[in-house]
Amino acid sequence: MPTVGHPSALSPAYPRIELTLPDGWVAEPGGDALLRAVHGRGGDLAPELTAYVHTSREASTDDLVDDLAGQAHGREEGEAEETFTVEIGEREWTGLNVSWIEDGEPVYLVHLITTLAAGEVTQLVRLTGRIAGPDSEQDYEEVQGILETVQLDPMGGGA
């Protein structure tokens, strides 16, 4: 009878992910995310950052981008922009911006994705910034600045 466990070749340990938060931001319990940080002003329109790891034998950045682009479907003025590539900390990240109008206010999601080889599987690390409301332009710049501080340390020091 086989034994399964975590971590293992099919369920590797998650990478260490760090973001540097400016004054006014606070870390919150992650829930289903590995980490979550929000602007301390609170409320539904406060900017938020989350980090996730998607693990699969056949994980692909393109598949995840397609899923994330779908967030705009069926929403008022929903739009998924073309992907872009950015290098942060000597690691290449694929970026995707998604937006729509909700309750009369703009909502923007900024996704950054990078791939890690991990045992017999691939881990897709996804950082997501959510910006909404009348301060979106200023908040977008702040979220982008935080995302550019990401430090990623794969378990085992690999890829």
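Residues numbered from 1 in each chain as written. Predicted model: local features only at pLDDT ≥ 70, side-chain atom pairs only at ≥ 80, totals over all residues. Heavy atoms only, no water.

On to the overall build of the chain, then. Helix and strand counts for the chain come out as two helices and 10 strands. Across the chain, helices and strands are ordered from the amino to the carboxyl terminus as β-β-β-β-α-β-β-β-β-β-α-β. The C-alpha atoms of the chain give a radius of gyration of 16 Å, which matches the 15 Å a tight globule of 159 residues would have. For the chain, the spread of C-alpha atoms along the principal axes amounts to about 55 × 35 × 35 Å. (Helix = DSSP H or I, 4+ residues; strand = E, 2+ residues; numbered from the N terminus. Rg over C-alpha atoms; globule rule 2.2 N^0.38 Å.)

Attention now moves to the nonpolar core. The nonpolar side chains of soluble globular proteins are, as a tendency, buried together. By size, the foremost hydrophobic cluster in this structure holds 20 residues, and its most contacted members are Ile17, Leu49, Trp93, Val125, Leu127, Leu147 and Val150. Breaking this core down by element, the ones donating at least two residues are strand E4 (48-56), strand E8 (105-118), strand E9 (121-132) and helix H2 (136-147). In contact with valine 150, not counting residues within four places along its chain, are Ile17, Glu18, Leu19, Ile88, Trp93 and Leu127. In terms of nonpolar packing, the next biggest core, distinct from the first, is built from 13 residues, Leu64, Val65, Leu68 and Val98 among them. (Core = buried A, V, L, I, M, F, W, Y, C linked by side-chain atoms within 4.5 Å. Buried < 20%, exposed > 50% of the residue type's maximum accessible area, 1.4 Å probe, protein only. Contact = heavy atoms within 4.5 Å.)

Attention now moves to the environment of alanine 132. Of note, alanine 132 is situated in strand E9. Residue class for alanine 132 comes out buried when judged on its relative accessible area of 3%. Sequence spacing of alanine 132 and glutamate 105 is 27 residues, and the spatial spacing of their C-alpha atoms is 6.7 Å. Among all residues touching alanine 132, those that are not within four sequence positions of it are Leu45, Pro106, Val107 and Asp139.

With that settled, the discussion passes to the pattern of salt bridges. Taken as a whole, this structure holds six salt bridges when the rule is applied. We note a salt bridge from arginine 36 to glutamate 48, for which the minimum N-O separation is 2.8 Å. Linking arginine 36 in strand E3 (residues 35-39) with glutamate 48 in strand E4, this pair joins segments that are 12 residues apart in sequence. Among the ionic pairs, glutamate 102 bridges to arginine 130, the shortest N-O distance being 3.9 Å. Of this pair, glutamate 102 sits in strand E7 (residues 91-102) while arginine 130 is found in strand E9, placing the two residues 28 residues apart along the sequence. Judged by its relative accessible area of 31%, glutamate 102 falls in the partly exposed class. The class for arginine 130 is partly exposed, based on a relative accessible area of 24%. One network of salt bridges, with partners in common, ties together Arg16, Glu18 and Asp153. (Salt bridge = Lys/Arg side-chain N within 4 Å of Asp/Glu carboxyl O.)

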